[in-house]
Amino acid sequence: MAHGALTDRIYRLMVEAVTGYAICMLDVNGIVLNWSPGAQIAKGYEAQEILGQNFEVFYLESERERLIPQLNLTHALERGRFSEEGWRVRKDGSQFWAHVVIDAMRDEAGNHIGFTKVTCDISAQREVAHSLAYQAGHDALTGLSNRTYFLDQLDAETAQLIYGGRLAVHYVDLDRFKPVNDSFGHAVGDDVLRIVAARLRAVVSPGSLVARLGGDEFAVLQLDMPRSEDTARLAERIVHSLSEPIAVRNAVVVVGASVGVAHAPSHGCEAHTLLRNADLALYRAKENGRGRFEIYDESMNAQALSRGVMELKLRQAMALFDFELYYQPVVEADSLATVGYEALLRWKDQTGKYISPAEFVPLAETLGLMPELGAWVLRRACHDAALWPDDLTVSVNVSTTQLRDRSFVDVVLSALEASRLEPHRLELEVTETAVLSDPDLAGDILGSLRRLGVGIALDDFGTGFSSLRMVKELPLTRIKIDRSFVSGVNETSASAAVIRSVLSLCEGYGLTATAEGVETSEELAVLRQHGCRHVQGFLLGRPQPDAYWRRARSDHSQSA
């Protein structure tokens, strides 16, 4: 056999052995001249069916109408090779995604004699790539877009604002999601997040984008040229939809949501600016009571700057524990003898200005500083109280964060041991809000503290919804009647009836009652008449440093 014929035979056998590619030769007009086994597998045509046909049969009809097959051959002829990915059609009409290479063939003299065409079915690879791309841009739990995809889309949309477009960003944060996770477990929490995602999809228009930014934070990109009234209506629908109870597994929960809204271009033309301004509006919504929406305005920037300055000052104060404790006396209603003091945290910033605890304590909670700050307060209060007469107690307020940490029991025990203060002289005040953040955990922690001998007081009693249940379930030793019931109380007021009920409740459960906020002699008289044992308020003593009360006790003992 001649060398050339042998080479041709080897080449033919090699082509026939390759079944993963559809290989064929075309003449100068695109007529199929030969057909490999791989081509038959990929496209479904027998050789006798396709030989002599124009290769355009492998293209979609819409592509044939636009003369795409001929243009591809022209490209290959002029440039030597044509390569692309696209849809191709099998004999049965089904489509597959193919990588196609067409090479122009020339003889030794350089004359064009036809084309070789190699087609590879890469549908599976394309599906995998699309799946990976989808996963990269979507949240696995809810199926919503994730933060990365949301920001990419927001970037793309803000680029169109120059042409007169409008859009809005809604930053959504669930109000009471953590207690759901803590009380019912993460499986229920995950189901709640899926239902929230479905509700968000249901309230937005088809052209809008819903994303889960992470945790219990979501965002909506509202498109279709929304006006300010359109964004307000959508924000209101979101708040209303997420305020409805959620039935999941064996639980019914109400999480609620707060929403911050920023418009483009009026509130910014860049993605990071819009998201930041929507977040500032969300912060305002949460400050104003949650379960509501707020639309960004310039005053929020000033507020954020002020908050940033306060954060810096607070962190500097924390580094040195540059705080003070003031003490307000708790007295016997009848004798007015002091039985103890409530420790109250005070902070004077570097300018010498006192910052209200109502301002810096919530910020400390947000920044995660309260466990450390609360531990300092406890150590300092126990140290001071250990130097008082043995019949005086000290009350210390406990934050929500502290009641979520099982190590808080060790913190209390350490403060008692370091100061050598008897446990019965320490009373810890908790609020209903702090307990409700995780009732089971809070109950366990308070139970352990009570077994140490520490007193437990329920502060601000009567202002919440579950106070009566807590009296029954928590290891309390005292109830503090909120000042809202004491202020202006008289024999004919409804507050007097509440106070009588609370005192009867305390008697039934063997608890001591303290009325807070006593400011007038008339209020004191009514409380005495109804048998309230302990009272506290400006009438009986304003908060003062420990040194003030040491001098007062010393002066009293000398005069006696």
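Please read all numbers here as calculations on a predicted model, not as lab measurements.

1. Some words on the sheet that holds strand β2 (residues 32-35)
What the 5 strands build is an open sheet, ordered β2-β1-β5-β4-β3; its pairing is antiparallel. The open sheet has two edge strands, β2 and β3 (81-89), and neither has a second partner. With strand direction ignored, the average angle separating the axes of adjacent strands in the sheet is 25°. Strand direction decides the pairing type here: strand β4 (residues 95-106) and strand β5 (residues 112-121), joined by 9 bridges, are antiparallel. Among the inter-strand pairings, Ala-104 is bridged to a residue of β5, identified as Phe-115. Strands in contact with helix α5 (residues 68-79) are β1 (22-26), β3, β4 and β5; relative to β3, the strand with the most contacts, it is inclined by about 160°.

2. Here's the deal with the environment of Asp-546
Relative to the helices and strands, Asp-546 resides in helix α22 (residues 546-559). With 205 residues separating them in the primary sequence, Asp-546 and Tyr-341 have C-alpha atoms 9.7 Å apart. Here the side chain of Asp-546 touches Arg-550 through a polar contact of 2.6 Å, side chain to side chain.

3. Some remarks on the side chain of Asn-54
Relative to the assigned elements, Asn-54 resides in the loop between α3 (47-50) and α4 (61-65). When its relative accessible area of 18% is taken as the criterion, Asn-54 is described as buried. In this structure Asn-54 touches Asn-29, Gly-30 and Ile-31, once residues within four positions along its chain are discounted.

4. Quick word on the packing of aromatic side chains
Tallying each qualifying case throughout the model produces 14 aromatic pairs. Residues Trp-347 and Phe-360 carry aromatic rings whose centres are separated by 5.4 Å and whose planes lie at 80° to one another, so their mutual orientation is edge-to-face. You can see Trp-347 sitting in strand β14 (residues 338-348) and its partner Phe-360 sitting in helix α13 (residues 357-366), a full 13 residues away along the chain. Given the relative accessible area of 0%, Phe-360 is considered buried. Through pairs of rings, three or more aromatic residues link up here, namely Phe-321, Phe-323, Trp-347, Phe-360 and Trp-376.

5. Points about the UniProt feature "domain: GGDEF" (unreviewed entry) in the protein chain
When the UniProt feature table is mapped onto this chain, "domain: GGDEF" (unreviewed entry) is found at residues 165-298. Within residues 165-298, the helical portion is 43% and the strand portion 28%, while the C-alpha atoms at the span's ends are 22 Å from each other.

6. Things to note about the pattern of salt bridges
Side chains that differ in sign of charge can pair as their charged atoms come close. Tallying each qualifying case throughout the model produces 23 salt bridges. Across the salt bridge formed by Arg-194 and Asp-191, the nearest N and O atoms sit 2.7 Å from each other. Note that Arg-194 and Asp-191 are positioned in helix α9 (residues 186-203) at a spacing of 3 residues, about one turn of the helix. With relative accessibility at 16%, the residue Asp-191 sits in the buried group. In this structure, the salt-bridge partner of Arg-227 is Asp-230, at a minimum N-O distance of 3.1 Å. Among the charged side chains, a salt-bridge network with shared partners connects Arg-227, Glu-229, Asp-230 and Arg-233.

Rules used throughout
Residues numbered from 1 in each chain as written. Predicted model: local features only at pLDDT ≥ 70, side-chain atom pairs only at ≥ 80, totals over all residues. Heavy atoms only, no water. Pairing = 2+ DSSP bridges. Helix = DSSP H or I, 4+ residues; strand = E, 2+ residues; numbered from the N terminus. Axes fitted to C-alpha atoms, helices over the stretch in contact; angles between N-to-C directions. Contact = heavy atoms within 4.5 Å. Polar contact = N/O pair within 3.5 Å; in protein donor to acceptor, adjacent residues only side chain to side chain. Buried < 20%, exposed > 50% of the residue type's maximum accessible area, 1.4 Å probe, protein only. Phe/Tyr/Trp six-rings, centres within 6.5 Å; stacked < 30°, edge-to-face > 60°. UniProt positions renumbered as here; feature names shortened; annotations may be inferred. Salt bridge = Lys/Arg side-chain N within 4 Å of Asp/Glu carboxyl O.

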